[in-house]
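In case you want the letters, here they are:
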Amino acid sequence: MNRKHIMLKDVEDAKKFVTVANQCDFDIDVYYNRTIIDAKSILGVLSLDLTQELTVDYAGSTPELESFLDQHARLSGAA
C-alpha cells in the first residue's frame, strides 16, 4: 500500500483528482480525521474539508496518478 499526503486547493482540483482516480483499476482511499472516502466518488471527495491535508492510500500505481499526487503533495507531511 502506498501513501501520500496532498492538498486540494479548490473544487477543480478535487474534480481532476476523482477523474484520475477513476482511470485506475485499484482501490484509492482518502482519509481526513476519522473519515475514509473512496477517491472515485465525486460527492465523497467534495464532502471533505479541502482546506486540510488529506492522506491518500492506494494499492497500485499509474503515471497519471503519481504525477497528480506529486503535483499536490503536502511537503511538510509527506510520507
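Our structure is the block above this text.
Residues numbered from 1 in each chain as written. Predicted model: local features only at pLDDT ≥ 70, side-chain atom pairs only at ≥ 80, totals over all residues. Heavy atoms only, no water.

Quick look at a nonpolar patch on the surface
Residues Val11, Ile42, Leu43 and Leu46 make up a contiguous nonpolar surface patch of roughly 340 Å² in combined accessible area. No other element matches helix α2 (residues 42–46), which puts three residues into the nonpolar patch. Examined against the element boundaries, Leu46 turns out to sit in helix α2. Given a relative accessible area of 35%, Leu46 falls into the partly exposed group. (Patch = residues over 30% accessible without salt bridge, like charges linked within 9 Å, V, L, I, M, F, W, Y side chains within 5 Å. Areas by Shrake-Rupley, 256 points an atom, 1.4 Å probe, with all protein chains shown as cover. Salt bridge = Lys/Arg side-chain N within 4 Å of Asp/Glu carboxyl O. Helix = DSSP H or I, 4+ residues; strand = E, 2+ residues; numbered from the N terminus. Buried < 20%, exposed > 50% of the residue type's maximum accessible area, 1.4 Å probe, protein only.)

Describing the sheet that holds strand β4 (residues 54–58)
Ordered in space as β1-β4-β2-β3, the four strands form an open sheet in which the pairing is antiparallel. Every interior strand has two partners, whereas the edge strands, β1 (2–6) and β3 (35–38), have only one. When the angles between neighbouring strand axes are averaged without regard to direction, this sheet yields 25 degrees. For strand β2 (residues 28–32) and β4, the ladder comprises four bridges, and the chain directions are antiparallel. Counted as the bridge partner of Ile28 is Tyr58 from β4. (Pairing = 2+ DSSP bridges. Axes fitted to C-alpha atoms, helices over the stretch in contact; angles between N-to-C directions.)

The values are spatial; any link to function lies outside them.
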